[in-house]
Amino acid sequence: QLDQIIIHQQVDLLEAILGTETSSKYEIKNPLGQRVYFAVEENGCFDRKLCSPLRAFTISIADNAGREVIRVIRPLRCTSCCFPCFLQQV
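Definitions and cut-offs
- Residues numbered from 1 in each chain as written.
- Predicted model: local features only at pLDDT ≥ 70, side-chain atom pairs only at ≥ 80, totals over all residues.
- Heavy atoms only, no water.
- Helix = DSSP H or I, 4+ residues; strand = E, 2+ residues; numbered from the N terminus.
- Areas by Shrake-Rupley, 256 points an atom, 1.4 Å probe, with all protein chains shown as cover.
- Pairing = 2+ DSSP bridges.
- Axes fitted to C-alpha atoms, helices over the stretch in contact; angles between N-to-C directions.
- Core = buried A, V, L, I, M, F, W, Y, C linked by side-chain atoms within 4.5 Å.
- Buried < 20%, exposed > 50% of the residue type's maximum accessible area, 1.4 Å probe, protein only.
- Polar contact = N/O pair within 3.5 Å; in protein donor to acceptor, adjacent residues only side chain to side chain.
- Contact = heavy atoms within 4.5 Å.

A. A look at the overall build of the chain. A count of helical and extended segments in the chain gives two helices and five strands. Working note: accessible area of the chain is about 6,400 Å², and carbon and sulfur atoms make up 60% of it.

Now the structure itself:
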């Protein structure tokens, strides 16, 4: 039973030095600090630079054996006041 998780983003050394943003990787841990899942965000450099918080992405969440257990997909959607029907969705 897992009733609480801790999500820790792994920072790439190149990203920290150059200030560029790369695809994000996350460790998902239980309250004891043991890794139970690992997540990788897949998206393009163009999306990260231009659309940062509104970007389209796919996040694959895998267990410690490397088996994908969840895939989260968020397509690029417009959130302007002119198009309120195109709000973000996952």
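Next, the rest of the story.
B. Seen up close, the sheet that holds strand β1 (residues 6-10). With respect to topology, five strands assemble into an open sheet ordered β1-β2-β3-β4-β5, the strand pairing being antiparallel. The strands lining the two open edges of the sheet, one partner per strand, are β1 and β5 (68-74). Direction aside, the axes of adjacent strands within the sheet are offset by 20 degrees on average. Sheet analysis places β1 next to strand β2 (residues 25-29), joined by five bridges and oriented antiparallel. Directly across from His-8, in β2, lies its bridge partner Glu-27.

C. Spotlight on the nonpolar core. In this structure, Tyr-26, Ile-28, Ala-39, Phe-57, Ile-59 and Ile-61 together form the largest nonpolar core, which totals six residues. Counting residues per element, the ones that place at least two in this core are β2 and β4 (57-63). The element best represented in this core is β4, accounting for three residues.

D. Layout of the side chain of Asn-30. By the element assignment, Asn-30 lies in the loop between β2 and β3 (35-42). At 2.8 Å, the side chain of Asn-30 forms a polar contact with the side chain of Gln-34. Apart from the residues lying within four places of it in its own chain, the contact partners of Asn-30 are Leu-2, Gln-4, Ile-6 and Val-36.

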